[in-house]
Amino acid sequence: MNSNELKLSVDSFLLSETDEKGIIRYANEEFCQFAEYKLEELIGKPHNIVRHTDMPKAAFKDLWETVQKGKPWKGFVKNSTKSGKFYWVFATVFPFIACDGSKGYISCRRMASQDEIDKYTAIYKTMK
């Protein structure tokens, strides 16, 4: 394992909520811990604040096209932390309508296996 890599456990569950434009409205404590931000630092910021530079633009183009059609998106994502470390997740992003009628997205993330990480590291390198 790379010394800059953080690993989720099988019990990890990272959750965040954004508005329609991808601006963070909420993040659970575990998401904040892995991202190395306080909740107050994340609220009002674009969710791509945690995007790692290794991630190809095409992956997020697919995500946005899918959720804007009202469908859930699933995929593997390499995120970066405030201090420059990184961690991999398997993410599921759901479109939803909040109680106040506003639209947004909820992203739930769990641990990615080492095989999945190796596979998507190679795939994303070809997409960059």
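My aim in this report is to walk through the structure given alongside it, one point at a time. (Residues numbered from 1 in each chain as written. Predicted model: local features only at pLDDT ≥ 70, side-chain atom pairs only at ≥ 80, totals over all residues. Heavy atoms only, no water.)

Describing the layout of surface pockets
- Counted as a void, the largest pocket has a volume near 370 Å³.
- Lining the largest pocket we find 22 residues, and of these His-47, Asn-48, Phe-60, Leu-63 and Trp-64 sit closest to its centre.
- At 4 residues, strand β5 (residues 103–111) tops the list of elements feeding residues into the lining of the largest pocket.
- In terms of residue class, the lining of the largest pocket is made up of 11 nonpolar, 7 polar and 4 charged. (1 Å grid on protein atoms, 1.4 Å probe; cavity = no way out; pocket = protein on both sides within 12 Å on 5 of 7 lines; lining within 4 Å. Points joined across faces, edges and corners; volume = space filled by probe spheres on them. Helix = DSSP H or I, 4+ residues; strand = E, 2+ residues; numbered from the N terminus. Nonpolar A, V, L, I, M, F, W, Y, C, P; charged D, E, K, R; others polar.)

Focus on the environment of Ala-112
- Following the sequence through the fold, Ala-112 ends up in the loop between β5 and α4 (114–127).
- Take Ala-112: its relative accessible area is 6%, and that puts it in the buried class.
- C-alpha of Ala-112 to C-alpha of Phe-31: the two residues are 81 residues apart in sequence and 15 Å apart in space.
- Discounting chain neighbours no more than four positions away, the residues touching Ala-112 are Phe-76, Trp-88, Val-89, Phe-90 and Ile-117. (Buried < 20%, exposed > 50% of the residue type's maximum accessible area, 1.4 Å probe, protein only. Contact = heavy atoms within 4.5 Å.)

Side note on the environment of Thr-18
- Along the chain, Thr-18 falls in strand β1 (residues 14–19).
- Classification of Thr-18 by relative accessible area gives buried; the value is 7%.
- Along the sequence, Thr-18 and Pro-95 sit 77 residues apart, while their C-alpha atoms lie 9.6 Å from each other.
- Those residues in contact with Thr-18 that sit more than four places away from it in its chain are Ile-23, Ile-24, Arg-25, His-47, Gly-104 and Tyr-105.

Section: the sheet that holds β5
- Taken in spatial order, the 5 strands line up as β2-β1-β5-β4-β3 in an open sheet, and their pairing is antiparallel. The open sheet has two edge strands, β2 (24–27) and β3 (73–80), and neither has a second partner. The average undirected angle you get between the axes of adjacent strands in this sheet is 30 degrees.
- Note that strand β4 (residues 86–97) and β5 share 9 bridges and pair antiparallel. Pairing of Ile-97 across the sheet is with Lys-103, part of β5.
- Against the sheet, helix α3 (residues 57–68) makes contact with β3, β4 and β5, and its axis sits at roughly 135 degrees relative to β3, the strand it touches most.
- α4 rests against β3, β4 and β5 of the sheet, and its axis sits at about 85 degrees to β4. (Pairing = 2+ DSSP bridges. Axes fitted to C-alpha atoms, helices over the stretch in contact; angles between N-to-C directions.)

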